[in-house]
Protein chains: 4
Amino acid sequence: MSVPATQKQWLIEGQDNDFKGLVYQDGPIPKVGENEVLVKLSGASLNYRDLIIPKGMYPFPLDLPVVAGSDGAGEVLAVGSKVTTWKQGDKVVTLFNQGHQFGPISDAASKSGLGGVLDGTLRQYGVFNENGLVRAPANLSHVEAATLTCAGLTSWNALYGLKPLKPGETVLVQGTGGVSLFTLQFAKAAGARVIATTSSAAKAEKLKQLGADFVINYVEDKNWGETARKCVPDGIDHVIEVGGEATLTQSLKAVKFEGIISIIGFLGGTQPKDSIMEVLSRICTIRGVYVGSKAQMVEMVAAIEANDIKPVIDQKVFTLETAKEAYEYMWKKGHFGKVGITIE
Amino acid sequence: MSVPATQKQWLIEGQDNDFKGLVYQDGPIPKVGENEVLVKLSGASLNYRDLIIPKGMYPFPLDLPVVAGSDGAGEVLAVGSKVTTWKQGDKVVTLFNQGHQFGPISDAASKSGLGGVLDGTLRQYGVFNENGLVRAPANLSHVEAATLTCAGLTSWNALYGLKPLKPGETVLVQGTGGVSLFTLQFAKAAGARVIATTSSAAKAEKLKQLGADFVINYVEDKNWGETARKCVPDGIDHVIEVGGEATLTQSLKAVKFEGIISIIGFLGGTQPKDSIMEVLSRICTIRGVYVGSKAQMVEMVAAIEANDIKPVIDQKVFTLETAKEAYEYMWKKGHFGKVGITIE
Amino acid sequence: MSVPATQKQWLIEGQDNDFKGLVYQDGPIPKVGENEVLVKLSGASLNYRDLIIPKGMYPFPLDLPVVAGSDGAGEVLAVGSKVTTWKQGDKVVTLFNQGHQFGPISDAASKSGLGGVLDGTLRQYGVFNENGLVRAPANLSHVEAATLTCAGLTSWNALYGLKPLKPGETVLVQGTGGVSLFTLQFAKAAGARVIATTSSAAKAEKLKQLGADFVINYVEDKNWGETARKCVPDGIDHVIEVGGEATLTQSLKAVKFEGIISIIGFLGGTQPKDSIMEVLSRICTIRGVYVGSKAQMVEMVAAIEANDIKPVIDQKVFTLETAKEAYEYMWKKGHFGKVGITIE
Amino acid sequence: MSVPATQKQWLIEGQDNDFKGLVYQDGPIPKVGENEVLVKLSGASLNYRDLIIPKGMYPFPLDLPVVAGSDGAGEVLAVGSKVTTWKQGDKVVTLFNQGHQFGPISDAASKSGLGGVLDGTLRQYGVFNENGLVRAPANLSHVEAATLTCAGLTSWNALYGLKPLKPGETVLVQGTGGVSLFTLQFAKAAGARVIATTSSAAKAEKLKQLGADFVINYVEDKNWGETARKCVPDGIDHVIEVGGEATLTQSLKAVKFEGIISIIGFLGGTQPKDSIMEVLSRICTIRGVYVGSKAQMVEMVAAIEANDIKPVIDQKVFTLETAKEAYEYMWKKGHFGKVGITIE
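Criteria and cut-off values
Here the residue numbering is sequential within each chain, running from 1 through the sequence in written order. Think of it this way: whatever chain is written first is A, whatever ligand is written first is 1, and the rest follow in order. In keeping with the model being predicted, local features are shown solely for residues with a pLDDT of at least 70 and side-chain atom pairs are shown and tallied solely at 80 or more, while totals for entire chains, interfaces and linings include all residues. As a rule here, side-chain values come from all non-hydrogen atoms in the structure, and water together with hydrogens is ignored. Residues are treated as being in contact if the distance between any of their heavy atoms lies within 4.5 Å. A 1.4 Å probe defines the accessible area here, and the buried area is the portion of it lost by two parts on being joined, summed over both. We define a salt bridge as a side-chain nitrogen of Lys or Arg found within 4 Å of a carboxyl oxygen belonging to Asp or Glu. What qualifies as a polar contact is a pair of N or O atoms within 3.5 Å, subject to a donor-acceptor requirement within protein and to the restriction that residues adjacent in sequence count only when both atoms come from side chains. Counting from the N terminus, the helices are the DSSP runs of H or I reaching at least four residues and the strands are the DSSP runs of E reaching at least two. For the least-squares superposition of copies, only C-alpha atoms count, and only for residues with pLDDT at least 70 in both. Helix axes are fitted to C-alpha atoms over the stretch in contact, other axes to C-alpha atoms as well, and angles between N-to-C directions run from 0 to 180 degrees. Note on angle classes: values under 35 degrees are labelled roughly parallel, values over 145 roughly antiparallel, values of 65 to 115 roughly perpendicular, and the remainder oblique. In this classification, the charged set is Asp, Glu, Lys and Arg, the nonpolar set is Ala, Val, Leu, Ile, Met, Phe, Trp, Tyr, Cys and Pro, and all remaining amino acids, among them Gly, are polar. At least two DSSP bridges between two strands are required for those strands to pair. Relative accessible area decides the class of each residue, using a 1.4 Å probe on protein chains only: under 20% of the type maximum gives buried, over 50% gives exposed, and in between gives partly exposed. Scored between 0 and 100, pLDDT is the confidence that the predictor attaches to each residue. Take the number of residues in a helix, subtract one, and multiply by 1.5 Å to get its expected span. Stacked, tilted and edge-to-face are the three classes applied to pairs of Phe, Tyr and Trp rings, where Trp contributes its six-membered ring and a pair requires centres within 6.5 Å; stacked means planes under 30 degrees apart, edge-to-face means over 60, and tilted covers the rest. The start and end points of each domain follow an automatic or database-based domain assignment. Remark: nonpolar core denotes a set of buried residues (Ala, Val, Leu, Ile, Met, Phe, Trp, Tyr, Cys) joined through side-chain atoms within 4.5 Å.

In the annotation of an unreviewed UniProt entry, chain A is listed under the name Enoyl reductase (ER) domain-containing protein and assigned to Lasiosphaeris hirsuta.

Put into C-alpha cells, the structure is as follows:
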C-alpha cells in the first residue's frame, strides 16, 4: 500500500464548550524512526476523557495542539530498521500511556497518553514506538479492537491489577458505560457472578443478554447498594465505581469485607460526601485505576481471543470525517456501549 | 431424623490383591463431641487412591483397620454444643486432609486423610470436626458433591494453588480421569483454553461436549506434546500430568517457558525417564499436588455454584451395599468420570 | 500446676468517662472443653481500642459484661480430650478475632473479638478454642508476645495482606503508636526503607535507633507529606495511616502512584476532609485494615523469630492488679511503645 | 568524553578446549541508533556460562562470532534522538536477555542474550537499545554492578519470580558460587533464615560473615539434606540448587512440603538420578530459572540500594587486557565470589 504525503486528522487546537477547538484538517504523516512502526489506522473509539479534553474539563496534563483520540487500531504498513517485534500486515491496537510497559505507572509514563500529551488516533496514519502497540485480538474488527485501549484496559486493570478476580467471586458494575460493559463481559468470561445497575428496563434487558446475573434499577431502588449486597451469599468482591452522584455511598454498602471498590472515572458533578474513614468501618479497599500497562494489555488480548469477547459498540458508528458528530452524540449520552469511528 | 444405634460400613481390615480385606459390616455411630458434627452421608465416590489402599499399593501412611472412602457428602443431623459454623440441615462435603485448613500442608495435616488414617465415608453416618467439612454447592446432588473432596480439590489446587490461572491462558489435560475432567470444566469456566488428550473418538466427542477447544488422540499421535504446543500461539501455561507411561516426556514438550506441569498422581508402572534437569532446558516448573486445603475448597465451591458446574459422574452408579463392585468396576477402567455411590 | 477455683479478672460492666465500669473482681475459671485449651495468662497489653470500650466510644459490636483485654500470652496448662495442636507447656498468644482463621474476614468472624464480644485476657486463666491461639515466638517474654495480638498483626496485615512488601520498597509510618513501631521494625527486617514522622527530637532519636532511614518532625514541617515524597527516588509504596487530624492529606501527597495507604485506626476527632476521589487523581489505593487472620499471624511469628524482633514496650509496666492505672496512663498519652501488663 | 574510532574487544571466533577461539582485537564502535544508548563500559564479570561458550559446551543457541561477556556496567556517553529514559552520565548495567522486559520469557527473548547471540560486554564501548539497560545501584562500583546481570538477577528471580520470599522463611544455598552468595545476601536482607553448604572451614567462616544462620560441611556430612531439614522448625521454603553431583537428592530431602527447589544451573557431570515423581512424594515444586526480566531487575536494584548490599567479588580482579586469564582462573575454581574485570 502506498502512503500519501498528507492525511486527514482531528487536531485539538483550543478548549471551549462546543468542540470548536476540535478541527478537521490536513496533517503530515510522521517519518518512521528506527524503532518505530507506521500504522494505517482503521478504527477508533471515544471515551469520556476525549470529550472533556476539548471542553477544558480534563484535570490532567495536556500538550496542545495535539491530534485527538487515544483508542486506535489498524494494520502495520512499515517498520523501522531496528524493529524486531512487528512486521508489515500485523494487526495492532494502541497502548494508551505509551511509556507504561509494566508494573506501577511512573510519573513520566503518566504523561505519555495518546490524544492528550502525544498525538493520538483520529487520523489515517500514526507512527508509534514498537512498544506502544499491542497485537489486536484476531476475532475483532478494527473498531472493536480500538475500544480496548482505554475502556478495555481500565476494566482489566480493575479486575486483575491488584487482587486478581477468581471464578466464583462477584462483581458489581454501574450503568452501561464502556468500562462497565467490559467488566461485565470479562467477569462473566472469568466465571464470576455479575450484578449490574441501570436506569431502564430496556437497558436491563441488554445487560442480561450480556450475562448479568442480577440487574437492579437504581432509579426505582435508591438503596440499591443494600439490595446488591443481598443478591449473593458470599458478598461482592469487586465494585467498579464510575464516580457518579451518590453512587459511592451505595458502593460502600454493597461491598463485602476486604472487597475492592475500583474508582475508574468521574462524571464531574458533586464530590462524594462519604468520608475516607468508611474504608475502616466497612473493612474495604478503594483504588483509583488509571488505564493500565502493556503487560496487562497483552494478557487481556489473550482473554478476549480465548473467549471470543466482542466489545459492545453503539449501533451508530461514525467516520473520521463525521467524528465531531460522534463527540456530540456521546456528550448527549444516548449511546449504549462504545461510540466507534471507522477510518478510511 | 432419629439416629439408629449401629450403621452399615465398609472397613479395610487387611490388604490383598482382590479387595478381600474390604469388609461390609455393622459398625458403631460415633458420639458427637462438643466441636463436632454428625453427618448423614448420602453420597460418596471413589478415587484411584481408594483402590490401591486395600490392594496394598498405597505409598503413604495408613492406620488400619479404617473405614474406607474419603469422598463424602450429606446433611448435618446434629451439632456439638460449641459448634458455631454448622446447623442441622446444612448440606456438607468432607475435606480430605481434615487438618489441612490453609497454607502449605504441614506434616501432621498430611497424616489426617479420610479413609486412610481417619475413618472415611463409606458408611451411613460420620462424625467430623466442624473444620473438616465444607458447605456443599447448592447446585449439586450428594454424589456429585462427594466428588469434590479429592478430584475436585486436587484440580483446583493445581490451577490456583501456585500460579493462579487467568482467562486467556491454556491448560492441557490428559485422559478422562476425574482430575482431568474437573480441570477441563474449571478451566473453561475460568475463560481459559483447554487441550485434551484421549485414546478414542468416542471419548474425544465427550471431551468436546465438555468444552475442550482441542482434542488430540494420543494413540494415533505419539508426539502429541509437540502437536499440543502448536495448537495455541501463546503456548501452554498449565499441564495436568497424571503420571502415566511416557506422558511426562510429552508434557515437557508441550509446556511453554515458565509454564507449570502439575503432577497429580501416579499410575504405578514405570518411573518417567526424563531428567529433572529438563526443567532448566525447558525453563518450566514441575509441581507435586497433594489434594488441597479447606481455604481452597471454599473458593472452589463458590466457583462451582457461580458457574453451575456439574461433576461428570459415570453412568453406572453403585449403592453402599454394592460398593465393592464399584471398586472392581473402576479397577477395570471402563468408567468415564467419577464412580459414584449412593448411601441410604 | 494446680488450678484454683476462682481467679482475678477485670470485667467491663458498664461504660462511662472514667473507667468506673471497669471492675476488678473474682471470676470463675471456665471449664476446658474437648477442643479447648486452658492457658495460664502471664502477659497482656493495651490498645487504644481497649480504652474506648469502657469509655463507650467504640463503634463496633460489643457484648457486655465482658472480661477486658484482647492481647494475651501465656502457657498451656491443660488441653481438652480432642485437641491435637497443643500440649501442656506450649507458649501461646491469643488471636484477636477468634473466628478469623484465613482469607477475608467474615461477618461472623468480625464479631468474635476478645475483650469486646468474647471474654478477654485481663485475667489469670483463659480458655480458648485450639484455633484461637498461635504459638508465641520463642524469643519473646509473655508481655512482649501479648503485643502481637492486635498491634503486631494489624501491622503485618497492612504490609502483607494485600500487596506484599518487597525489599527495596519504602514505607511511611506516622508517630510512635504500637502499629507504627511494629511496622517500622517489620519493614526494616524485610529490607525496606522507612520514613517516620514524629513530634519531638527525643522520639526522633528513638525512631532512628529502631532503624528509621528518615525522620520528619511533623510539628515543624506541616507539609511533611511532600517532604517525605522527596526522601526516596522511587516513591513511597506503603503508608500506615493512623487517622489523626489532617494526616490523610499529607499521606495522599506522600504516596507514590499505585502505592497503598493502610488506614489502621482512628483517633476520634474530626473526619478527614479529603475526598475519596483523590484516589483517582493520586492513582493510589486506600485500605481499611482490621487486625488479621490466624494464617497471617503464623507467618508473622516466623518473621519475628527469624529476625529476633523485640516489640517496643513502654518502660512503665503494670500488673493485673494495677491494670486500671495502665488504662489511665495510656489515655494520657505519655507512653512510647506498647503499654504492658504482667499477670501473676 | 570523546569517543575513539575503534576499541579493544574480546571476540569468540571459535570453540575449543583452551579458550583459543577467544581473541583480543580491535573492533568498531557501533553507531548509536535513535532509540539506542552508547555506554562506556567500565566493569564486567564472568559466569560459568561465559566459560563454556568458547569451550563449546553451552547447550543453548549462539550466533558466533560474537563479542564475549554478558555482565557489564558503565556510564551513558550518548543517547539517540528518541531516547527518553536515559541521559548522558547515567550509570547503567546490562540486561542479560535484551528482549526480556516483563512476564514469562518468550521464545524470541530467550534468544537475545548478550555474549552469545548479541555482542556482549568485554569491550570498551557498547550500544544497547534503551530497554536493554537498567539503572545501576548508586552504592556499587562498576565491577560490582556488572555482577547483577546474570548472577544477581538469577538469584532474585529464584526468590521472587514464582512464590515471593517472605520474612521468616528459610532458604538453603549450596556452595559459594555467584548465585548462591547473592541468594544468601538477598535472603538475609529480606528477613529470611539461610542455611548454606560448603566444603571447607575457611569458606564456612566467610559464609557466616555474610550472615548465614547455619553452615553445613557437605564433605563431612553426606546426608546434609536431612541435617538442613532439622535446622529450622518450620522447614525450608526455598532451595537454590546448583545442579552438582548428587545435590538434588539432598535438596529433595531438605525442602519442606510445598517448598520450591530452584534449579539455576548445571555443572555438567552426571545427570541427577532422582525421579521427577519425587515432587509428588515430597509434595514440592522444582523450577528451572533462566536469569530474569527487566521488571525484576529494576526491583532488585531498589533492594540492593536500600540494603547497601555489596556483591562478593573475588580478591583477584582482572583487566580487559588480561580477561583471558580471568577465564582460566575461574575455570580452575579457585575463586570465592564473582570474578571481576575492570575496563579502561
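Trainee: Can you help me understand the interface of chain A and chain C in this one?
Mentor: Where the parts come together, the accessible area they lose is often given as the size of the interface. Across the boundary between the two partners, chain A contributes 34 residues, which contact 34 residues of chain C. Of the roughly 3,000 Å² buried at the junction of chain A and chain C (both faces included), carbon and sulfur atoms supply 72%. Among the residues chain A hides against chain C, the three largest losses belong to A:I276, A:M277 and A:L280. Together they make up 22% of the total. Counting the contacts that link chain A with chain C gives zero salt bridges. Seen at the junction of chain A and chain C, the total is five residue pairs in polar contact (both at pLDDT 80 or more). At the level of secondary structure, the elements contributing two or more residues to the side of chain A that touches chain C comprise β13 (255–263), α8 (278–281) and β14 (285–288) of chain A.

Trainee: Please clarify how the relation of the copies chain A and chain C should be interpreted in this entry.
Mentor: In this structure, two copies of a chain are linked by a rotation about an axis accompanied by a shift along it. Under the fitted operation, chain A is carried onto chain C by 0.0 Å of movement along the axis and a turn of 180°, and the coordinates agree to an RMSD of 0.0 Å. Taken together, the rotation and translation describe the operation of a two-fold axis. Taken together, the interface assignments show that 100% of the residues at the interface of chain A recur at the interface of chain C, consistent with an identical surface on both copies.

Trainee: Quick question: what am I supposed to make of the interface of chain A and chain D here?
Mentor: Contacts between chain A and chain D engage twelve residues on the former and twelve residues on the latter. Here chain A packs against chain D, burying approximately 900 Å² in sum over the two surfaces, 48% of which is carbon and sulfur. Considering only the surface of chain A that becomes buried against chain D, A:E34, A:N35 and A:F102 emerge as the three largest contributors, covering 50% of it. Where chain A touches chain D, the interface holds two salt bridges. The shortest N-O distance in the salt bridge between D:K82 and A:E36 comes to 2.7 Å. If you look at where chain A meets chain D, you find three residue pairs in polar contact (both at pLDDT 80 or more).

Trainee: Mind showing me how you'd approach the packing of helix α1 (residues 48–55) of chain A against helix α10 (residues 323–331) of chain A here?
Mentor: In helix packing, the relevant descriptors are the interaxial angle and the interaxial distance, both defined with respect to the helix axes. All names here are of chain A. Packing of α1 against α10 leaves a shortest axis separation of 10 Å and a crossing angle of 105°. Judged by the inter-axis angle, α1 sits roughly perpendicular to α10. Of the residues in α10, those touching α1 at Y48, D50, L51, I52, P54 and K55 are Y327, M330 and W331. The residue inventory of the contact of α1 with α10, partitioned by class, reads seven nonpolar, no polar and two charged.

Trainee: Would you take a moment to explain the sheet that holds strand β1 (residues 6–12) of chain B for this structure?
Mentor: By way of backbone hydrogen bonds, the strands of a sheet pair with one another, either parallel or antiparallel. Residue and element names in this part refer to chain B. Spatially, the three strands line up as an open sheet ordered β2-β1-β4, and their pairing is antiparallel. Bordering the open sheet on either side are β2 (22–28) and β4 (66–67), each of which pairs with just one other strand. Direction of pairing for β1 relative to β4: antiparallel, over a ladder of two bridges. Pairing of I12 across the sheet is with V66, part of β4.

Trainee: Hey, could you run me through the relation of the copies chain A and chain D in this one?
Mentor: Take chain A, turn it by 180°, move it 0.0 Å along the axis, and it overlays chain D with an RMSD of 0.0 Å. Looking at chain A, 100% of its interface residues are interface residues in chain D too, so the copies touch through the same face.

Trainee: Just checking my understanding: could you explain the environment of B:E13 for this structure?
Mentor: All names here are of chain B. Relative to the assigned elements, E13 resides in the loop between β1 and β2. E13 sits in the partly exposed class, given a relative accessible area of 47%. C-alpha of E13 to C-alpha of L64: the two residues are 51 residues apart in sequence and 6.3 Å apart in space. The residues contacting E13, other than those within four sequence positions of it, are G21, V23, Q25 and P65.

Trainee: Just checking my understanding: could you explain unusual backbone geometry for this structure?
Mentor: Negative phi values dominate among residues other than glycine, just as trans dominates among peptide bonds. With an omega of -5°, the peptide bond running from A:L64 to A:P65 counts as cis. Even without glycine at this site, C:F19 takes up a positive phi of about 60°. Mapping C:F19 onto the fold places it in the loop between β1 (6–12) and β2 (22–28). Phi is positive for C:V291, close to 50°, though the residue is something other than glycine.

Trainee: Quick question: what am I supposed to make of the confidence of the model for chain A here?
Mentor: Keep in mind that low pLDDT regions are not for reading the predicted coordinates in detail. Residues with a pLDDT of 70 or more make up 98% of chain A, whose mean pLDDT is 95. We note a pTM of 0.97 for the whole complex and an ipTM of 0.96 for its interfaces.

Trainee: Can you walk me through helix α9 (residues 294–306) of chain D in this structure?
Mentor: Residues lying three or four places apart along an α-helix face the same way, a consequence of the helix completing one turn every 3.6 residues. Residues and elements named next belong to chain D. Helix length check: α9 (13 residues) gives 19 Å between terminal C-alpha atoms against 18 Å at 1.5 Å per residue, within 8%. With eleven of 13 residues buried, α9 is to be regarded as a mostly interior element. All buried positions along α9 are accounted for by K294, A295, Q296, M297, M300, V301, A302, A303, I304, E305 and A306.

Trainee: What's the story with the packing of aromatic side chains in this structure? I'm lost.
Mentor: Geometry of an aromatic ring pair is reported as the spacing of the ring centres plus the angle between the planes. All names here are of chain C. Considering all chains together, one arrives at 42 aromatic pairs over all chains under this definition. On the basis of an interplanar angle of 70° and a centroid distance of 5.4 Å, the ring pair of F19 and Y327 is categorised as edge-to-face. A residue pair is termed long-range when its members are at least 10 positions apart, and F19 in the loop between β1 and β2 and Y327 in helix α10 (residues 323–331) qualify at 308 residues. Its relative accessible area of 3% is what places F19 among the buried residues.

Trainee: What should I look at first to understand the domain arrangement of chain A in this one?
Mentor: Residue and element names in this part refer to chain A. We note that the domain assignment places domain 1 (6–147 + 313–342) and domain 2 (154–288) within chain A. Using C-alpha coordinates to define each centre, domain 1 is positioned 28 Å away from domain 2. With seven residues of domain 1 at the contact, the number on the domain 2 side is ten residues. Here domain 1 and domain 2 share an interface that buries about 770 Å² over both sides, 76% of which is from carbon and sulfur atoms. Linking domain 1 to domain 2 there are zero salt bridges.

Trainee: Just checking my understanding: could you explain the environment of C:T319 for this structure?
Mentor: You can see C:T319 is positioned in strand β15 (residues 318–319). Ignoring anything within four residues of it in the chain, the contact list for C:T319 reads C:I341 and C:T342.

Trainee: So what exactly am I meant to see when it comes to the nonpolar core here?
Mentor: Side chains of nonpolar character tend, in soluble globular proteins, to be buried together. Residues and elements named next belong to chain C. Counting residues in hydrophobic clusters, the biggest one holds 84 residues, and the most contacted among them are L122 and I341. No other element matches helix α3 (residues 148–160), which puts eight residues into this core. When residues of this core are assigned to domains, at least three fall in each of domain 1 (6–147 + 313–342) and domain 2 (154–288). Ignoring any residue separated from it by four or fewer positions in sequence, one finds I341 in contact with S42, G43, A44, L46, L122, V143, V317, F318, T319, L320, A323 and A326.

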